[in-house]
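Observations on the three-dimensional arrangement
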Amino acid sequence: MLKEVEPINFIEEEINKDLSSGVRTYVQTRHPPEPSGYLHIGHVRNIVLNYGTAERYGGVCNLRYDDTNPTKESQEFVDSIQNDVLWLGYKWNKIYYATDYFQQNYEVAVKLIKEGKAYVCDLSPEELSKTRGTLTEPGIESPYRNRSVEENLKLFEEMKEGKFPAGSHTLRAKIDMASPNMNMRDPVIYRIQYIHHHRIGDKWKIYPSYDFSHPLDDCLEGVTFSICGPEFEDHRPLYNWVVENSGVKNKSRQIEYNNLYLKGTILGKRNIKKLVNEGKVSGFDDPRLFTLAGLRRRGVLPESLKNFVNTVGISKVNTAVFEQAYLDYFIRETLNQKSRRVMAVLDGVKLVITNYNKLEEEVFTKDYPQIEGNTSTHKHYFAKELLVERSDFMKEPLPKFHRLFVGNEVRLSGAYIIKCTGFDEDENGNVTTIYAEYDPNTLSGTEGANRKVKGTIHWVNPAHCKKVVCRLYENLVMEEDSEAVEGNEADTDGIQLNPNSKTELSNCYAEDIDFNFEDRYQFVRNGYFALDKDSTNDCLVFNRTITLKDGFKLPKNN
RNA sequence: AGGGGUGUCGCCAAGUGGUAAGGCACAAGACUUUGACUCUUGCAUGCGUAGGUUCAAAUCCUGCCACCCCUGCCA
C-alpha cells in the first residue's frame, strides 16, 4: 500500500518526484550489509533510512547480505547483524543473500557477452592496473577486448568450471577505457575465487563484483530505491549501465547521502576488528566500543540511537562529524525517562549521626520521580551509621561547594537534614569517619522538611545493601588523537589508547532491591547504570552507561 | 579545465527569489529533597569568496577559493 508522505529529507523529495511522475510506482528498499564485521553507530542511519523510509511509504525493506567476497565474511557476522537490527526495532520483509542471485547474475553475464557488451580478459591484476590509465590520462584497451562472442562464451564457461587459476581471467564490461570516470573503464564484473564461502561452500568459482551484482539484485528483488553512502556516487553511471543493459524490467534508482562519524571514536570494521584481535578490548561487545553490541551491553537504549540519527538528519555535505555530547544528550534523554531511581555509594566513607539513638527507621523514596503521577516507592532503613560518597565531603571546602564540610547542613535524600560536626582521618590524611547531628523535625514528607538546605546527598545503610561491582568508562581514544581517528578508513596504528578507559570499582554498595537485566537504573547523582552479563547471583556487575550531566564545576583552586 | 560531490552559527541542519527554522553545545536566570530533569532568556545585519541580474538574492548567472571521493579481480 503506497502512502503519500510529507518529505522529511531530500531522499524523500526525490522519491516523491519519481512517484508523482510515474517513473516508479512504489517504494521498496533494501538493507545491504556485507557480513564482514559488527554493525556500529555509523550504520544506524543507513538502517533507519532504509527500513524507516520503506515503512513511511507503506513499502517493504529486505535484508540482503552482500556476501560476494568470501575472503572477509563469516556466519558470526551474519548472525550479529540480524540481532542488531531486531534490537533497533526493525524487521525485514525477507532475508536474501547476494549469493541467492548467482545463477541469475550468471545468466545476465552470458547475455551481455552474447550482445558484445562483456568480454573475458586475460590480463593479470598488475597488467590491468597498469592499463587502466590515471586520473588524468585515459586507459589502454585490453588486447582481449575484441574477442569473438563464441570465444568469450567458451572462456567464461571454463572460468565457471574452474579450469583457470584465480586471478588469471576476469569478465569485464565493455564500456569506455577513455572515460573520465574510472569506474567506466571496462570494470571487472566477474573474478575467479576458490575460497570456501561461509554459505554456498565451493559451489561457485566465479564471483560477481559489487558493481555488477548490486544493481542487478536490486532490480531482480523489486527494489525501487537503493539508498547508499557517498562513496558510490561515482559508481552510479555504472549502476545505471548495468540496470539498462541487463534486460530487467524493474529499474532501481541509487540515491546517495552523506556519512556520519562520531568524534573521538574508532569506527570502521577493520579498525574495530583490530582492537578485538589485539585484545585491546574484550570483544565486539566491549562497552567502550561504538558497535551496536557494545552500546547495547553498556546500557544504551535503541530509542536513543534512533532519536539521534533522526534528529541529525541527512544531507550531502562531505561528512557529518558529531561531538559525542550530541549522542550523549539522546542517551540521557531516554534513560532519564525510563530509569528507576536507586541510591548507590560507589566510593563510601562512614557517616555517624551522633545524636541518633533509634535502632533504625523506615523511610521511602520514589522509584520514578521523573514520571508525573507515578507513586511507586521503595523502602530504606535510616540508622545511626550510614555510608556516603567520599567526594561529597571536603575537609576544606572550595567556594560554592555545598555538600558536607564541618559546620554545613545537607539533606540526606529521602530522610533528614544533618549538620556536619567533625571527622576522623588516618595518618595519610584520608578521611575515615564523618560525624554529624540530625534534625529530627526534618524527615522527608513531614512539615518540618520544608526547611531548605543547599545540598542533598545520597546514602546507603551498610546493614541493608548489596555489595556490587561498578564499571565506569571513558573514551578509548585520548582527546589529542580524536581527529586522527576520524573516519572509517582512518589509520589507527599509532593511536595511544586511554589507559583509564575502564575502571572497575568492586566495593560499591547499592540499595537492596531486586535488579534485573531489562531495567535501567539511575544511581542517584552517579549516573545511569545497567546490569552486565558478567553478573552472577552472588555478585552483580553494573556498567555505567553514562554520567549525569554535571552542571557543577569546581572553581579553579588558586 | 581529469571526473564526481559539497560549502548556511563551535557541531549538525531547515531554507527551493520576498528579507536567516530547529536541535546539540555554550552563557545568564528561575525551579529543584538528584549541582540532574524542567522552564525562561541570550546566541549568524550573516549564508566559502568576488562580481552581476532584480524593487528584492542563501536562493538565479559568471569567475575564483576550499574541502571530500575516484587509478581493488573490496564493498
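Residues numbered from 1 in each chain as written. Chains lettered and ligands numbered in written order. Predicted model: local features only at pLDDT ≥ 70, side-chain atom pairs only at ≥ 80, totals over all residues. Heavy atoms only, no water.

1. Some words on the side chain of Asp-217
The cut-off we apply is this: The helix and strand labels rest on DSSP assignments: H or I over at least four residues marks a helix, E over at least two residues marks a strand, and numbering proceeds from the N terminus. Only protein chains enter the area calculation, which uses a 1.4 Å probe; residues under 20% of their type maximum are buried, those over 50% are exposed, and those in between are partly exposed. When charges are counted, neither His nor the chain ends are considered; positive counts come from Lys and Arg and negative counts from Asp and Glu. When a carboxyl oxygen of Asp or Glu is within 4 Å of a side-chain nitrogen of Lys or Arg, the pair counts as a salt bridge. We call two residues in contact whenever any of their non-hydrogen atoms come within 4.5 Å of each other.
Within the element layout of this structure, Asp-217 appears in helix H7 (residues 210-221). Buried within the structure, Asp-217 lacks any salt-bridge partner; Arg-64 is the closest side chain of opposite charge, at an N-O distance of 4.3 Å. Not counting the four nearest positions on each side in its chain, Asp-217 is found in contact with Arg-64, Ala-98, Tyr-101 and Asn-105.

2. Remarks on empty space enclosed by the protein
Worth spelling out the cut-off: Using only the protein atoms, space was sampled on a 1 Å grid; points where a 1.4 Å probe fits but cannot get out form cavities, open sets with protein on both sides within 12 Å along at least five of seven lines form pockets, and lining residues are those with an atom within 4 Å of a point. Grid points are joined across faces, edges and corners, and a volume is the space filled by probe spheres set on the points. Here the nonpolar group is Ala, Val, Leu, Ile, Met, Phe, Trp, Tyr, Cys and Pro; Asp, Glu, Lys and Arg are the charged ones; every other residue, Gly included, is treated as polar.
Enumeration over the complete set of coordinates arrives at one cavity of 30 Å³ or more. The computed volume of the largest cavity comes to approximately 40 Å³. Residue lining of the largest cavity: Tyr-210, Asp-211, His-214, Pro-215, His-235, Tyr-239 and Gln-254, and that is the complete set. Element by element, the count of residues in the lining of the largest cavity is highest for H7, at four residues. Class assignment for the residues of the lining of the largest cavity results in three nonpolar, three polar and one charged.

3. Things to note about the sheet that holds strand S5 (residues 170-173)
Under the convention used in this document: Should DSSP find at least two bridges between two strands, the strands are taken to pair. Here the axes come from fitting lines to C-alpha atoms, over the contacting stretch only for helices, and the angles between their N-to-C directions go from 0 to 180 degrees.
One open sheet holds the four strands; their spatial order is S4-S5-S6-S7, and the pairing between them is antiparallel. In this open sheet, the two edge strands, each paired with only one partner strand, are strand S4 (118-121) and strand S7 (206-208). The average undirected angle you get between the axes of adjacent strands in this sheet is 20°. Pairing of S4 with S5 involves four bridges; the strand directions are antiparallel.

4. Observations concerning the packing of aromatic side chains
The condition that has to hold: Centre distance within 6.5 Å is the pairing criterion for rings of Phe, Tyr and Trp, where only the six-membered ring of Trp is used; planes under 30 degrees apart are then read as stacked, over 60 as edge-to-face, and the remainder as tilted. Only lysine NZ and arginine CZ atoms are considered, and such an atom sits over a ring when it is within 6 Å of the ring centre and within 35 degrees of the ring normal.
On inspection of all chains with the given rule, the structure shows 32 aromatic pairs. Where Tyr-356 meets Tyr-438, the ring centres are 5.0 Å apart and the plane angle is 70°; that geometry is what we call edge-to-face. Taken together, the residues Tyr-356 in the loop between strand S14 (348-353) and strand S15 (360-366) and Tyr-438 in strand S20 (residues 431-439) connect sequence positions 82 residues apart. The pair formed by Tyr-356 and Tyr-438 is uniform in burial state, with each residue classed as buried. Between the aromatic rings of Phe-515 and Tyr-521, the centroid separation amounts to 4.8 Å while the plane-to-plane angle is 75°, which identifies the pairing as edge-to-face. For Phe-515, a relative accessible area of 12% corresponds to the buried category. Classification of Tyr-521 by relative accessible area gives buried; the value is 1%. The ring of Tyr-106 has Lys-160 sitting right over it, with the charged end atom 4.6 Å from the ring centre. The lysine or arginine in question, Lys-306, covers the ring of Tyr-90, its NZ or CZ lying 4.8 Å from the ring centre.

5. Here's the deal with the environment of Val-309
You can see Val-309 is positioned in helix H11 (residues 302-312). Accessibility expressed as a relative area gives 3% for Val-309, which makes it buried. In this structure, the C-alpha to C-alpha distance between Val-309 and Thr-170, residues 139 residues apart in sequence, is 41 Å. Setting aside residues no more than four positions away along its own chain, Val-309 makes contact with Val-44, Arg-45 and Val-48.

6. Points about the layout of surface pockets
Roughly 1,500 Å³ of volume is contained in the largest pocket. In this structure, the largest pocket is lined by 44 residues; those nearest its centre are Glu-34, Glu-231, Phe-232, Lys-269 and Glu-489. Of all the secondary-structure elements, those providing two or more residues to the lining of the largest pocket are strand S1 (28-31), helix H2 (41-56), strand S6 (188-192), H7, strand S8 (225-228), strand S10 (259-262) and helix H9 (269-277). Considering each element in turn, the lining of the largest pocket owes the most residues, five residues, to H2. When the residues that make up the lining of the largest pocket are grouped by side-chain class, the tally is 13 nonpolar, 17 polar and 14 charged. For the second largest pocket, the calculated volume is near 680 Å³. Taken together, 26 residues line the second largest pocket, and the ones lying closest to its centre are Ser-391, Asp-392, Arg-403, Arg-525 and Asp-550.

7. Examining the protein's contact with RNA strand B
Note the following rule: Note on terminology: near, applied to a residue and a molecule or strand, indicates that one of the residue's heavy atoms is within 4 Å of it. For the purposes of these results, a polar contact is taken to be a pair of N or O atoms within 3.5 Å, where, inside protein, one atom must be able to donate a hydrogen and its partner to accept one; residues adjacent in sequence count only when each atom of the pair is a side-chain atom.
Near RNA strand B lie 68 residues; those nearest to it are Thr-68, Gly-167, Ser-315, Arg-341 and Ser-444. In RNA strand B, atoms within 4 Å of the protein come 64% from sugar and phosphate. Within the contact set of RNA strand B, a phosphate oxygen lies 2.8 Å away from a backbone nitrogen or oxygen of Tyr-210. Gln-522 has a polar side-chain atom sitting 2.6 Å from a base nitrogen of RNA strand B. Listing elements by their share of the surface near RNA strand B, those giving two or more residues are helix H5 (125-131), S6, H11, strand S11 (319-322) and helix H12 (324-338).

8. Section: the side chain of His-378
Tracing the backbone shows His-378 in strand S16 (residues 377-383). For His-378, the side chain forms a polar contact with the side chain of Glu-511, separated by 2.8 Å. Apart from the residues lying within four places of it in its own chain, the contact partners of His-378 are Arg-340, Arg-341, Val-363, Phe-364, Thr-365, Lys-366, Asp-367, Glu-511 and Ile-513.

9. Re the nonpolar core
Soluble globular proteins tend to bury their nonpolar side chains together. To keep it simple, the criterion reads: By convention a nonpolar core is built from buried Ala, Val, Leu, Ile, Met, Phe, Trp, Tyr and Cys residues, the set being connected through side-chain atoms within 4.5 Å.
Of all hydrophobic cores here, the largest spans 38 residues; its most connected members are Ile-41, Leu-305 and Phe-308. The set of elements that each furnish at least two residues to this core consists of H2, strand S2 (60-65), helix H3 (75-88), S10, helix H10 (292-298), H11, S11 and H12. For this core, the leading source of residues is H2, giving six residues. Apart from residues no more than four positions distant in its own chain, Phe-308 is found in contact with Ile-41, Leu-260, Leu-262, Phe-322, Tyr-326, Leu-327 and Phe-330. The next biggest cluster of nonpolar side chains, apart from the first, holds 32 residues, and it includes Tyr-106, Trp-204, Ile-206 and Trp-241.

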